[in-house]
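# Inside the fold
Each chain, letter by letter, is given below.
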Amino acid sequence: MANTSNMRQKTITLGIAMHKPYPVPRASIYLPIHVGAALNPDVLSHIQGDNTGDNISTLNPYFCELTALYWLWKNNDSDYKGLVHYRRYFATNNFFKRHNHNRFERILEKTELDQILVQHPIILPKKRHYVIETIHSHYAHTMYASQLNITEQVLQDIAPEYVAAWRSLMRQRSAHIFNMMIMDREHFDAYCAWLFPILFELTSRLDPNQYDAFHARYPGRISEMLLNVWIMHKGIHVGQQPTTFTECINWWNKGTSFLKAKFFKQKYTGSF
């Protein structure tokens, strides 16, 4: 007799971090989550808020999309869990769909994702390559190097076995960014159980309120690097998936800001 537990279709929940009304995919695997719902309850009252159950919704001005990640960790038991953004998603591998004028047609759907997950229990965005910058120098030029220094101190104090991976990442010129991932529940929950104590300790040592609203979001940015560190230390072979943005990107603005930060020490003042 067949094992019915093995025949059961795996459940997948990909949270879409949202802070304002915006079109979303209709595929059942996607769950729009209102981040910062405790602070702005009326903005997206019709979707799941990050302020129910065990949550850190009030930390959204600093933790950004991570309040949705925390909510999924504590309040969702799907076999696979993941996080995307209201304008940025994992993309299909289908060439024709990837070039569809309707950008929502480019988004990864369940049938294709099921096939990918058979090979890879963890999926991350393809690495971004900085070429003329290391991870450390790029962050130091665009944000504040002190945030990196204190993060390393926190790791030394509460997760010293990860310091070597952190230092290795700082010297590299590419990394998985965007705080996007899809993981089986075991890895997802283990990652969150490791990540959030580090971030809580970091913010206790480096108060986000000392910065303007843009730079106060540093815990969300640091976590992008910490995801790489966790993967590197664990030696996990991950699947890499392209991403798609639902709006046109101003590459000139991004490129010139990148060069101004490197050569003229002009730190970023807002998102692109």
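Residues numbered from 1 in each chain as written. Predicted model: local features only at pLDDT ≥ 70, side-chain atom pairs only at ≥ 80, totals over all residues. Heavy atoms only, no water.

Here the focus is the packing of helix α3 (residues 66-75) against helix α9 (residues 185-205). For the pair α3 and α9, interaxial distance at closest approach is 10 Å and the crossing angle is 130 degrees. Of the possible angle classes, the one that applies to α3 and α9 is oblique. Of the two elements, α3 crosses α9, and the hand of that crossing is left-handed. Touching L66, L69, Y70, L72 and W73 of α3 are F188, D189, Y191, C192, A193, L195, F196, L199 and F200, all from α9. A class-by-class count of the residues in the contact of α3 with α9 yields 13 nonpolar, no polar and 1 charged. (Axes fitted to C-alpha atoms, helices over the stretch in contact; angles between N-to-C directions. Helix = DSSP H or I, 4+ residues; strand = E, 2+ residues; numbered from the N terminus. Parallel < 35°, antiparallel > 145°, perpendicular 65-115°, else oblique. Left-handed = near helix turned anticlockwise from the far one by under 90°. Contact = heavy atoms within 4.5 Å. Nonpolar A, V, L, I, M, F, W, Y, C, P; charged D, E, K, R; others polar.)

Before going further, it helps to spend a moment on the nonpolar core. In terms of nonpolar packing, the biggest core is built from 80 residues, with L69, W194 and F196 touching the most fellow members. For this core, the element with the most residues is α9, which contributes 9 residues. Ignoring any residue separated from it by four or fewer positions in sequence, one finds F196 in contact with I56, F63, L66, L69, Y70 and W73. (Core = buried A, V, L, I, M, F, W, Y, C linked by side-chain atoms within 4.5 Å. Buried < 20%, exposed > 50% of the residue type's maximum accessible area, 1.4 Å probe, protein only.)

Here is the key point about a regular strand: its side chains alternate between the two faces of the sheet. The element strand β1 (residues 12-18) is largely enclosed, with a buried count of 7 among its 7 residues. Side chains I12, L14, I16 and M18 project from β1 onto one buried face, and the interleaved T13, G15 and A17 project onto a second face that is buried too. Where β1 lies against strand β4 (residues 80-85), 6 bridges are found, and the strand directions are parallel. Residue L14 lies in a different strand from β4, and its bridge partner there is G82. Bridging between β1 and strand β2 (residues 30-34) involves 5 bridges; their strand directions are parallel. Bridge assignment links I16 to a residue of β2, and that residue is P32. (Pairing = 2+ DSSP bridges.)

What follows concerns α3. Extensive coverage of α3 is indicated by the burial of 8 of its 10 residues. Inspection of α3 places L66, T67, A68, L69, Y70, W71, L72 and W73 among the buried residues, and these make up the whole buried set.

Turning our attention to the environment of P23. Tracing the backbone shows P23 in the loop between β1 and β2. It is 9.6 Å that separates the C-alpha atoms of P23 and T246, two residues lying 223 residues apart in sequence. When near neighbours in sequence (up to four residues on either side) are disregarded, P23 contacts Y86, Y89 and F104.

Turning our attention to the pattern of salt bridges. Summed over all chains, the structure comprises 7 salt bridges. Here E152 and R167 are joined by a salt bridge, their closest N and O atoms 2.8 Å apart. A residue pair is termed long-range when its members are at least 10 positions apart, and E152 in helix α7 (residues 145-158) and R167 in helix α8 (residues 163-171) qualify at 15 residues. Ionic pairing is found between R205 and E201, a salt bridge with its closest N-O pair at 2.6 Å. Placement of the pair is R205 and E201 together in helix α9, with a separation of 4 residues, close to one helical turn. A relative accessible area of 26% places E201 in the partly exposed class. One continuous salt-bridge network, built from bridges that share partners, spans D157, E201 and R205. (Salt bridge = Lys/Arg side-chain N within 4 Å of Asp/Glu carboxyl O.)

Looking now at the packing of aromatic side chains. In the structure shown here, the tally under the stated rule is 13 aromatic pairs. Residues W73 and F196 carry aromatic rings whose centres are separated by 5.7 Å and whose planes lie at 5 degrees to one another, so their mutual orientation is stacked. Of the two residues, W73 is situated in helix α3 and F196 in helix α9; the sequence distance between them amounts to 123 residues. Residue W73 is classed as buried on the basis of its relative accessible area, which comes to 18%. Feature note: the residues F63, Y70, W73, F196 and F200 constitute an aromatic cluster, connected by ring pairs. For the cation-ring pair, R88 lies above F178, with the distance from its terminal atom to the ring centre recorded as 4.0 Å. (Phe/Tyr/Trp six-rings, centres within 6.5 Å; stacked < 30°, edge-to-face > 60°. Lys NZ or Arg CZ within 6 Å of the ring centre and 35° of its normal.)

So, about the confidence of the model for the chain. Taken as a whole, the chain shows an average pLDDT of 92; of its residues, 89% reach a score of 70 or greater. Long-range and interchain partners of residues 1-5, a stretch whose pLDDT sits below 50, account for 1 contact in this model, where long-range means more than four residues apart. (pLDDT = per-residue confidence, 0-100.)

In this section: α7. Its 14 residues give α7 an end-to-end C-alpha distance of 20 Å, which sits within 8% of 20 Å, the value for a rise of 1.5 Å per residue. Every buried residue of α7 is accounted for by Q147, L148, I150, T151, E152, V154 and L155. (Expected span 1.5 Å × (residues − 1).)

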